[in-house]
Amino acid sequence: MSFTRRIAAPLGFLVAACLACAGDNTGPDDGSGNGTPTLGNDVQPIFTNNCAFSGCHGSTNTQPPGKAMNLSAGQAFANIVDVSAIQVPSRMRVLPGQPDESYLVNKIEGTQASVGGTGGQMPLGRSPLSQAQINTIRAWIAAGAQNN
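Quick look at the structure, then. Within each chain, residue numbers correspond to sequence positions counted from 1 in written order. Local features in a predicted model are, by the rule used here, given only for residues with pLDDT of at least 70; side-chain atom pairs are given and counted only at 80 or more, and totals for whole chains, interfaces and linings are based on all residues. Here the side-chain values reflect all heavy atoms present in the structure, with hydrogen atoms and water set aside.

Let's talk about the pattern of salt bridges
Step number 1: We define a salt bridge as a side-chain nitrogen of Lys or Arg found within 4 Å of a carboxyl oxygen belonging to Asp or Glu. Enumeration according to the criterion identifies three salt bridges in this entry.
Step number 2: For D100, the salt bridge is made with R138, and the minimal N-O distance between the two is 2.5 Å. On the criterion of sequence distance, the pair formed by D100 in the loop between helix 3 (76-80) and helix 4 (103-109) and R138 in helix 5 (residues 131-142) is long-range, its members being 38 residues apart.
Step number 3: A salt bridge links R138 to E109, with the nearest nitrogen and oxygen atoms 3.2 Å apart. With R138 in helix 5 and E109 in helix 4, this pair connects stretches of sequence that are 29 residues apart. The way it works is that DSSP assigns letters per residue, a run of H or I at least four long becomes a helix, a run of E at least two long becomes a strand, and they are numbered from the N terminus.

Some points on the packing of helix 2 (residues 39-50) against helix 5
Step number 1: Axis lines are fitted to C-alpha atoms, over the contacting stretch for helices. Their N-to-C directions set the angle, which ranges from 0 to 180 degrees. Direction vectors running N to C along helix 2 and helix 5 enclose 135°, while the axes themselves pass 10 Å from each other. It follows from the interaxial angle that helix 2 and helix 5 lie oblique. Of the two elements, helix 2 crosses helix 5, and the hand of that crossing is left-handed. Of the residues in helix 5, those touching helix 2 at L39, D42, V43, I46, F47 and N50 are Q133, T136, I137 and W140. For classification purposes, angles smaller than 35 degrees are called roughly parallel, those larger than 145 roughly antiparallel, those between 65 and 115 roughly perpendicular, and all remaining angles oblique. Crossing handedness follows the turn of the near helix against the far one: under a right angle anticlockwise gives a left-handed crossing, and clockwise gives a right-handed one. Only heavy atoms matter for contacts: two residues are in contact if any of them lie within 4.5 Å across the pair.

Quick look at the environment of R126
Step number 1: Residue placement: R126 occurs in the loop between helix 4 and helix 5.
Step number 2: Only protein chains enter the accessibility calculation, which uses a 1.4 Å probe. A residue is then buried if its area is under 20% of the maximum for its type, exposed if over 50%, and partly exposed in between. Among the residues examined, R126 registers a relative accessible area of 41% and is labelled partly exposed.
Step number 3: Look past the residues within four positions of R126 in its chain and what remains in contact with it is N49, N50 and F53.
Step number 4: At 3.4 Å, the side chain of R126 forms a polar contact with the backbone oxygen of N49. N or O atoms within 3.5 Å of each other form a polar contact, as long as, within protein, one can give a hydrogen and the other can take it, and as long as residues adjacent in sequence are counted only when both atoms are side-chain atoms.

Points about the state of the cysteines
Step number 1: Cysteine sulfur atoms that come within 2.5 Å of each other are treated as a disulfide pair. Inspection of every chain in the model, using the stated rule, returns zero disulfides.
Step number 2: Of the cysteine sulfurs around C51, a residue in no disulfide, the closest is that of C56, at 8.4 Å.
Step number 3: Taking the relative accessible area as the measure of exposure, C51 reaches 10% and is therefore buried.
Step number 4: With a relative accessible area of 37%, C56 lands in the partly exposed category.

A closer look at helix 5
Step number 1: One less than the number of residues in a helix, times 1.5 Å, gives the span that helix is expected to have. Over its twelve residues, helix 5 extends 16 Å from the first C-alpha to the last, a length consistent with the 16 Å expected when each residue adds 1.5 Å.
Step number 2: Residues of helix 5 that are buried include every one of I134, T136, I137, R138, W140 and I141, and no others.
Step number 3: Remark: G144 follows helix 5 within two positions and exhibits a positive phi of approximately 110°.

As far as function goes, none of this settles anything; it's purely spatial.
This is the structure:
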């Protein structure tokens, strides 16, 4: 048996295994091994580091109840999931399972005008979120926007 034939089968197996792994781009992991992002582990840190500031979407937001969008830890879920967007009341800020119908996604992607919204891309006055951060938020919404 030639050298080539002796290593062909094991090499073929390794190449196939590597290709299978390379295609596994499931995104953030919540620790369960399923790759589904969670609010607490994946989305909230994005809000905390980019949005939940005084004068923006932090706990000291001065807008009246029902209009404020407090994205602070422990407050974000109640302020965004199944809550009508102020700028476009026909849209929810976050519509579970439907990132393309969620106004929050429009705002972070800068596409709010395409659905009748106003203002600038969020976070306003700061660098836009990275595509990876946007993908994490979209994946959380697509998975049902759970309070987890």
